[in-house]
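Given next are the chains, with one letter for each unit.
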Amino acid sequence: MPGAFALGKMAPPEGTRIGAVEIDLGAYRGEDRYSDGDVENTLLDFVRRGLTFEEAIAEDDSWPVIYHLSPVRENLLSWYPVSRSASVLEVGAGCGAVTGVLCQNAGSVVAVELSKRRAEILATRHQSCENLRVVVGNLGDVSVQRRYDVVTLIGVLEYAGQYTEGLNPYLEFLRTIRRFLAPGGRLLVAIENRFGLKYWAGAPEDHTSLHFDGIEGYQRGRQARTFSRKTLIDVVRLAGFRVEECYYPMPDYKMPIQIFSDSAPPGRGDIEMHYPEFHQARFHLFDESAALDSIVDAGQFPFFANSFLLECSVEAGQ
């Protein structure tokens, strides 16, 4: 692997280590700009105590605990082929929901996380992973002197407008990400579908908690932006990537039970679960299972799938 991972212009402070995992604070600005609040202290306590997921939700079955600690989260990438010699850059690693499976499959993993508290949860949770390094800070403050075989953006792109400058922060962010990808490498982008069936059926928008907000063009919400399949592919291509495959985690990428793709689409009756109530009250405006069968019959599943997982490579000459 050429080069070494280096932080910005400032010399990093003496490293912090939790078990086998180094936590690098050289790019940390001293505040956590993204947080689920005090429940993260609960999460840190749970992982310090080594609780299983079942033990954790017996004490606190709130959505943040389920979301961050559920082993179902790993289904998103547990199947994805990663060489044991491969290097992985996990951008926006959160509390480490998929970090563990990346460490199991890859040779080395660098997890970049904006929040120091989340980084501590992640490192504590995976403290036995000798091939894991955690970097705390905004990716824009990190200078790179190497490229990675796999880069992941799991629930990250939709927040680019908050942390990236420019007229089109989503495009600029993806162009920055492109610099981190090695020749022949893969970028994996997981994000909700703005026109996912769950939203038509009465689920509030995941980020703004407003009903029909994405469908109406985000006229009220300001927290994040998701995309349709076409607009997502358009911005990825404009950033210099080639889409190798589009996958469709169901019921969504957060809690995937099944994963379909353009190469292996669902047939009538194949989808086992539509979008359940996880953390927000929602309407049930129609029978989603029946609607999904009709959508599949009409060949429109890619438009209405609740979320996407894009596998991308760098276009030749980029």
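The rules behind these values
Residues numbered from 1 in each chain as written. Predicted model: local features only at pLDDT ≥ 70, side-chain atom pairs only at ≥ 80, totals over all residues. Heavy atoms only, no water. Helix = DSSP H or I, 4+ residues; strand = E, 2+ residues; numbered from the N terminus. Rg over C-alpha atoms; globule rule 2.2 N^0.38 Å. Buried < 20%, exposed > 50% of the residue type's maximum accessible area, 1.4 Å probe, protein only. Contact = heavy atoms within 4.5 Å. Areas by Shrake-Rupley, 256 points an atom, 1.4 Å probe, with all protein chains shown as cover. Lys, Arg positive; Asp, Glu negative; His and termini not counted. Charge placed at Lys NZ, Arg CZ, Asp CG, Glu CD. Salt bridge = Lys/Arg side-chain N within 4 Å of Asp/Glu carboxyl O. Pairing = 2+ DSSP bridges. Axes fitted to C-alpha atoms, helices over the stretch in contact; angles between N-to-C directions. 1 Å grid on protein atoms, 1.4 Å probe; cavity = no way out; pocket = protein on both sides within 12 Å on 5 of 7 lines; lining within 4 Å. Points joined across faces, edges and corners; volume = space filled by probe spheres on them. Nonpolar A, V, L, I, M, F, W, Y, C, P; charged D, E, K, R; others polar. Right-handed = clockwise from strand over helix to strand, strands pointing away. Phe/Tyr/Trp six-rings, centres within 6.5 Å; stacked < 30°, edge-to-face > 60°. Lys NZ or Arg CZ within 6 Å of the ring centre and 35° of its normal.

Enquirer: Explain the overall build of the protein to me, please; I cannot follow it from the model alone.
Expert: Across its full length, the protein holds eleven helices and ten strands. Taking 20 Å as the expected radius of gyration for a compact globule of 318 residues, we find that the protein reaches 19 Å, a close match to that expectation. Along the longest, intermediate and shortest principal axes, the C-alpha atoms of the protein span 55 × 55 × 40 Å. Buried positions account for 53% of the 318 residues belonging to the protein. Partitioning the intrachain contacts of the protein with sequence separation of at least 6 by distance along the chain shows that 68% fall at a separation of at least 24. Of the accessible surface of the protein, which amounts to about 14000 Å², a share of 49% is contributed by carbon and sulfur atoms. The protein carries 31 positive and 43 negative side-chain charges, and their two centres are separated by 7 Å.

Enquirer: For this particular structure, what's the right way to read the pattern of salt bridges?
Expert: Opposite charge on two side chains permits them to pair, given that their charged atoms come into close proximity. Scanning the entire structure with this criterion turns up 23 salt bridges. For Asp 36, the salt bridge is made with Arg 118, and the minimal N-O distance between the two is 3.0 Å. Separated by 82 residues along the polypeptide, Asp 36 in the loop between β2 (21-27) and α1 (39-48) and Arg 118 in helix α5 (residues 116-125) bring together distant segments of the chain. Here Arg 229 makes a salt bridge to Asp 262, at a shortest N to O gap of 2.8 Å. With Arg 229 in helix α9 (residues 229-238) and Asp 262 in the loop between β9 (258-261) and α10 (288-297), the pair connects residues that are 33 residues apart, well separated along the chain. The partly exposed category is assigned to Asp 262, whose relative accessible area is 34%. Taken together, the shared-partner salt bridges in this structure form one network comprising Glu 192, Lys 198, Asp 206, Asp 252 and Lys 254.

Enquirer: How should I be thinking about the sheet that holds strand β8 (residues 241-250) in this particular structure?
Expert: Strands in a sheet are paired, the pairing made by backbone hydrogen bonds, and the direction either parallel or antiparallel. As summarised here, the arrangement of the ten strands in space is β1-β2-β5-β4-β3-β6-β7-β10-β8-β9, forming an open sheet in which the pairing is mixed. The open sheet is flanked by β1 (16-18) and β9, the only strands paired with a single partner. On average, each strand axis in the sheet is inclined to that of its neighbour by 20°, with strand direction left out of account. Relative to strand β7 (residues 181-192), strand β6 (residues 148-154) is paired through six bridges, and the arrangement is parallel. In the strand pairing of β7, Ile 154 is matched with Ala 190. Across the sheet, α9 touches β7, β8 and β10 (307-314), and the angle it forms with β8 is around 150°.

Enquirer: Sorry if this is basic, but what is going on with the layout of surface pockets here?
Expert: It is a probe the size of a water molecule, rolled over the atoms, that shows where empty space is left. The space that makes up the largest pocket amounts to roughly 1100 Å³. The wall of the largest pocket is formed by 47 residues, among which Tyr 34, Gly 155, Val 156, Tyr 159 and Tyr 163 lie closest to the centre. Counting residues per element, the ones that place at least two in the lining of the largest pocket are α3 (63-69), β3 (87-91), β4 (108-113), β6, α6 (160-163) and α7 (169-178). Among the elements that line the lining of the largest pocket, the one with the most residues is α3, at four residues. A class-by-class count of the residues in the lining of the largest pocket yields 19 nonpolar, 15 polar and 13 charged. Roughly 240 Å³ of internal volume is contained in the second largest pocket.

Enquirer: Honestly, the pairing of β3 in this entry has me stumped. Any pointers?
Expert: Across the five residues that make up β3, a large majority, five, are buried. Residues Ser 87, Leu 89 and Val 91 point to one face of β3 and Val 88 and Glu 90 to the other, with burial holding for every one of them. Once you follow β3 into helix α4 (residues 99-105) and on to β4, the crossover reads as right-handed. Bridge analysis of β3 against β6 gives four bridges, and the strand direction is parallel. Each bridged residue has a counterpart across the sheet, and for Glu 90 the counterpart in β6 is Thr 152.

Enquirer: Honestly, the packing of aromatic side chains in this entry has me stumped. Any pointers?
Expert: Each aromatic ring pair is summarised here by two numbers: the centre-to-centre distance and the angle between the ring planes. The final tally for this structure, using the stated rule, is eleven aromatic pairs. Aromatic pair Trp 63 and Tyr 67: ring centres 5.4 Å apart, planes at 35°, arrangement tilted. Taken as a pair, Trp 63 and Tyr 67 lie in helix α3 at a separation of four residues, close to a single helical turn. Each member of the pair, Trp 63 as well as Tyr 67, carries the same accessibility label: buried. Between Tyr 170 and Phe 227, the aromatic rings sit 5.4 Å apart at their centres with planes inclined by 90°, giving edge-to-face as the arrangement. Taken together, the residues Tyr 170 in helix α7 and Phe 227 in the loop between α8 (197-200) and α9 connect sequence positions 57 residues apart. Residue classification places Tyr 170 among the buried residues on the basis of a relative accessible area of 14%. Taking the relative accessible area as the measure of exposure, Phe 227 reaches 11% and is therefore buried. Members of the aromatic cluster, each reached through a chain of ring pairs, are Phe 195, Trp 200, Phe 303 and Phe 304. Residue placement shows Arg 73 over the ring face of Tyr 67; its charged tip is 4.0 Å from the ring centre.

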